[in-house]
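Report on the structure
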Amino acid sequence: MATIATTPQRRTLAGRFYVTMAAIFASIAFSGFFMTYWLQVARGTFNGSPMLHLHGLLFSFWTLFFLSQVVLMANGQRRNHRTWGLLGISLATAMLFTGLAVAIQGLEARLDAGYGDAARAFSIVPISGILLFAGLVTAAISNLKRPEWHKRLMLVATAGILQAAVARFFFLAATGGGGPGMRPGGGPPMPVENTIVAGFIVASLVVAAMIHDWRSHRRVHPAYWWGFGAMMLVQLSRPLLDQTEAWYRIAHF
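About the cut-offs
- Residues numbered from 1 in each chain as written.
- Predicted model: local features only at pLDDT ≥ 70, side-chain atom pairs only at ≥ 80, totals over all residues.
- Heavy atoms only, no water.
- Helix = DSSP H or I, 4+ residues; strand = E, 2+ residues; numbered from the N terminus.
- Buried < 20%, exposed > 50% of the residue type's maximum accessible area, 1.4 Å probe, protein only.
- Contact = heavy atoms within 4.5 Å.
- Areas by Shrake-Rupley, 256 points an atom, 1.4 Å probe, with all protein chains shown as cover.
- Salt bridge = Lys/Arg side-chain N within 4 Å of Asp/Glu carboxyl O.
- Expected span 1.5 Å × (residues − 1).
- Core = buried A, V, L, I, M, F, W, Y, C linked by side-chain atoms within 4.5 Å.
- pLDDT = per-residue confidence, 0-100.
- Phe/Tyr/Trp six-rings, centres within 6.5 Å; stacked < 30°, edge-to-face > 60°.
- Lys NZ or Arg CZ within 6 Å of the ring centre and 35° of its normal.
- Axes fitted to C-alpha atoms, helices over the stretch in contact; angles between N-to-C directions.
- Parallel < 35°, antiparallel > 145°, perpendicular 65-115°, else oblique.
- Left-handed = near helix turned anticlockwise from the far one by under 90°.
- Nonpolar A, V, L, I, M, F, W, Y, C, P; charged D, E, K, R; others polar.
- Patch = residues over 30% accessible without salt bridge, like charges linked within 9 Å, V, L, I, M, F, W, Y side chains within 5 Å.

Details of the overall build of the protein
Within the protein one finds eleven helices and zero strands. Its helices and strands in sequence order give the protein the pattern α-α-α-α-α-α-α-α-α-α-α, from N to C terminus. Taking all 253 residues of the protein together, the buried fraction comes to 41%. Considering only intrachain contacts with a sequence separation of at least 6, the fraction spanning at least 24 residues in the protein is 75%. A total accessible area of about 13800 Å² is found for the protein, and carbon and sulfur atoms account for 67% of it.

Description of the pattern of salt bridges
All chains considered together, the criterion is met by four salt bridges. Linking Arg-120 and Asp-117 is a salt bridge whose minimum nitrogen-to-oxygen distance equals 2.9 Å. Here Asp-117 and Arg-120 lie together in helix α5 (residues 116-122), a separation of three residues that amounts to about one turn. Close ionic contact of Arg-152 with Asp-213 constitutes a salt bridge, the shortest N to O distance being 2.8 Å. Residue Arg-152 is located in helix α7 (residues 147-160), and its partner Asp-213 is located in helix α9 (residues 196-217); the two are separated by 61 residues in the primary sequence. For Asp-213, a relative accessible area of 2% puts it in the buried group.

Re helix α6 (residues 124-142)
The end-to-end C-alpha distance of α6 is 26 Å, a good match for the 27 Å that 19 residues give at a rise of 1.5 Å each. Against the buried residues of α6 lie α3 (50-74), α4 (78-112), α5, α7, α10 (222-241) and α11 (245-252).

Observations regarding the nonpolar core
Core analysis: the biggest nonpolar cluster contains 47 residues, and Trp-62, Phe-133 and Tyr-224 have the highest contact counts within it. Listing elements by their share of this core, those giving two or more residues are α1 (2-32), α3, α4, α6, α7, α8 (163-174), α9 and α10. Ignoring sequence-local partners within four residues, the contact set of Trp-62 consists of Gly-88, Leu-91, Ala-92, Met-95, Phe-133, Val-137, Met-154, Thr-158 and Ile-161. Among the nonpolar cores identified, the runner-up in size contains twelve residues, and Ala-119, Phe-122, Val-125 and Ala-251 belong to it.

Details of unusual backbone geometry
Look at Arg-218: it is not a glycine, yet its phi comes out positive at around 60°. Topologically, Arg-218 is positioned in the loop between α9 and α10. For Arg-218, a relative accessible area of 59% puts it in the exposed group.

Observations concerning the environment of Trp-62
Tracing the sequence through the fold places Trp-62 in helix α3. Linking Trp-62 and Thr-158, residues 96 residues apart in sequence, is a C-alpha distance of 8.0 Å.

What about the confidence of the model for the protein?
In this model, the protein carries a mean pLDDT of 88, and residues with pLDDT of at least 70 account for 90%. Low pLDDT, under 50, characterises residues 1-6; the predicted model gives this stretch zero contacts beyond four residues in sequence or across chains.

Topic: the packing of aromatic side chains
Enumeration over the complete set of coordinates arrives at eight aromatic pairs. Ring centres of Tyr-37 and Phe-46 lie 4.9 Å apart, and the angle between their planes is 85°; this geometry places the pair in the edge-to-face category. Like Phe-46, Tyr-37 is buried. Taking the centre distance of 5.5 Å and the plane angle of 45° together, the rings of Trp-62 and Phe-65 count as tilted. Taken together, the residues Trp-62 and Phe-65, both in helix α3 and three residues apart, mark about one turn of the helix. Across this residue pair, the class does not change: Trp-62 and Phe-65 are buried. An aromatic cluster is defined as three or more aromatic residues linked by ring pairs; in this entry it consists of Phe-30, Tyr-37, Trp-38 and Phe-46. Sitting over the face of the ring of Trp-149, Arg-146 holds its NZ or CZ atom 4.7 Å from the ring centroid.

As for the packing of α4 against α6
When two helices pack together, their arrangement is given by the angle between the helix axes and the distance between those axes. One way to put it is that α4 packs onto α6 with a least axis distance of 9 Å and a crossing angle of 165°. By the criterion of interaxial angle, the relationship of α4 to α6 is roughly antiparallel. Every pair of crossing elements has a handedness; the one defined by α4 and α6 is left-handed. For the pair formed by α4 and α6, the contact residues are Ile-89, Ala-92, Met-95, Leu-96, Gly-99, Leu-100 and Ala-103 on the first element and Pro-126, Ile-127, Ile-130, Leu-131, Phe-133, Ala-134, Val-137 and Ile-141 on the second. Within the contact of α4 with α6, the residues separate by chemical class into 14 nonpolar, one polar and no charged.

Looking at a nonpolar patch on the surface
On the surface, Phe-61, Leu-64, Trp-84 and Leu-87 cluster together into a nonpolar patch covering about 380 Å² of accessible area. Among the secondary structure elements, those contributing two or more residues to the nonpolar patch are α3 and α4. Locating Trp-84 in the fold gives a position in helix α4.

So this is what it looks like as structure tokens:
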């Protein structure tokens, strides 16, 4: 009887954990971009292309979508979760293309401003980031029939796109809170090495999920090891590849 009683309890605790993590993700996304996007849009001081607006809306909506999907599962609404999941596939696909489009626009703008190879080097950050997200979401969708894999890969994928939001906090600290029209991307590109701290902060969210797995199941699920490994591989390879001739050719292409 004790075993029978603990299984629903574990599912309830797991559901609460995923809802809490999804809520934290959404909070980071919206608070990180509040000063440099949402408030500026409200005041009419934001300077950016329509594609940049679409990109911001899609990526922000994803965190709310992820939260809603987690809440549905926590409440046992599996059928609704699967139905809305079709929207998630379309949303993730749109995010891939708008993310690449915005990365290319940013690269072109910095090249036009004369930043040359520094612009090409920094472009590895947004391009590798959106490709990592697409890869993890694809892996999660491929594991729909294995929910323990699916939900963990989705969590890692969503955590990965928060690096830009976390980096905004450093930008605001460096600029004294920013100002009207101020946002990252409008000036010289930072060295890729400077993005590692934000990347590690995002990775710590995945580590927290891995610790939860260990405490709940006395092991860390392989999905977390694969997802975390992919995240670290991308993060640590950027400073090694960003100034190589091979990457410059990719950026030029």
